[in-house]
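Topology and contacts: notes
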Amino acid sequence: MKLKILVGTMTSTADYVAQAIQMDCADLVSSIEITMMDDLDISVFDAAHAEDAIYLICSSTYGSGDVPDNARALYESLAEQPQFLGHVRYGVMALGDRTYLQTFCFGGKKFGERLLDLGAQRIGEVWCHDASSGTLPETEGAEWCRQWLASALAGIGQSAATA
Ligand SMILES: Cc1cc2nc3c(=O)[nH]c(=O)nc-3n(C[C@H](O)[C@H](O)[C@H](O)COP(=O)(O)O)c2cc1C
């Protein structure tokens, strides 16, 4: 099983989280691919790419609860070129800041909802990181991801040894 991390970021924090996951979780899956969302569209979820894979959306939040600029084309294509994504398994890591009370982590959460609307199978709850908490998103995120991935694989019926 492969882990495909799709990164939406403005100032690279989400990318650092993805890189920490790539280092810390390598033993759990056959490969971990990190792809920046720039220039992606809904075809990244085509059955051929999704086979034997779990997706992880790792996105920050900007503006007033918007996805980052590099994630906009992918996010909009999920609405403009809708397709049934029942074959897609995914999790969500949402980066935000509780100072933005009304729109906390909306970037990642919006992705999660749009994928759910298209029939994709969400694994686990959305993980949220609060930049105002003073905790390191890379450390906390990689820790969360290890547990999330292990239970996702167990749910799919794969142990780390066979993944
Ligand atoms: C101009 C600006 C707007 C932001 N808007 C929001 C927001 O609406 N909701 C939220 O939860 N976080 C918001 N944030 C916080 C970022 O999402 C957070 O700092 C995140 O860790 C940045 O990750 P990145 O470096 O991967 O882009 C905003 C940050 C900036 C600088």
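Residues numbered from 1 in each chain as written. Predicted model: local features only at pLDDT ≥ 70, side-chain atom pairs only at ≥ 80, totals over all residues.

**Some points on the overall build of the chain**
Helix and strand counts for the chain stand at 5 helices and 6 strands. The helix and strand sequence of the chain, counted from the amino end, reads β-α-β-α-β-α-β-α-β-β-α. At 15 Å, the chain has a C-alpha radius of gyration in line with the 15 Å of a compact globule built from 163 residues. Here the chain holds 163 residues, and the buried ones make up 38% of them. (Helix = DSSP H or I, 4+ residues; strand = E, 2+ residues; numbered from the N terminus. Rg over C-alpha atoms; globule rule 2.2 N^0.38 Å. Buried ≥ 20, exposed ≤ 12 C-beta atoms within 10 Å, placed from the backbone.)

**As for the environment of Gln147**
Tracing the sequence through the fold places Gln147 in helix α5 (residues 137–156). Along the chain, Gln147 and Cys25 lie 122 residues apart, while their C-alpha atoms are 9.6 Å from each other.

**Quick look at the nonpolar core**
The biggest cluster of nonpolar side chains holds 43 residues, and the ones touching the most others in it are Ile5, Leu56, Ile57, Cys58, Tyr90 and Leu149. Listing elements by their share of this core, those giving two or more residues are β1 (2–8), α1 (13–24), β3 (53–59), α3 (72–80), β4 (89–96), α4 (106–117) and α5. Setting aside anything within four residues of it in sequence, one finds Leu149 in contact with Leu3, Cys25, Leu28 and Val29. (Core = buried A, V, L, I, M, F, W, Y, C linked by C-beta atoms within 7 Å. Contact = placed C-beta atoms within 7 Å.)

**Examining the site of the ligand**
Lining the immediate surroundings of the ligand are 21 residues, of which Thr9, Thr13, Ser60, Gly96 and Tyr100 lie closest. For the shell around the ligand, the elements supplying multiple residues, two or more each, are α1 and β4. In the shell around the ligand, the residues fall into 10 nonpolar, 10 polar and 1 charged. (Near = placed C-beta within 6 Å. Nonpolar A, V, L, I, M, F, W, Y, C, P; charged D, E, K, R; others polar.)

**Some thoughts on the pairing of β4**
With 7 of 8 residues buried, β4 is to be regarded as a mostly interior element. The pairing of β3 with β4 spans 5 bridges and is classified as parallel. If you follow Cys58 over to β4, its bridge partner there is Met93. Of the strand pairs in this sheet, β4 and strand β5 (residues 121–122) are connected by 2 bridges, and their pairing is parallel. Residue pairing for β5: Arg89 is matched across the bridge by Gln121. Traced from β4 through α4 to β5, the parallel crossover comes out right-handed. Bridge count for β4 against strand β6 (residues 127–130) is 4 bridges, and the pairing is parallel. Across the sheet, Met93 pairs through a bridge with Trp127, a residue of β6. (Pairing = 2+ DSSP bridges. Right-handed = clockwise from strand over helix to strand, strands pointing away.)

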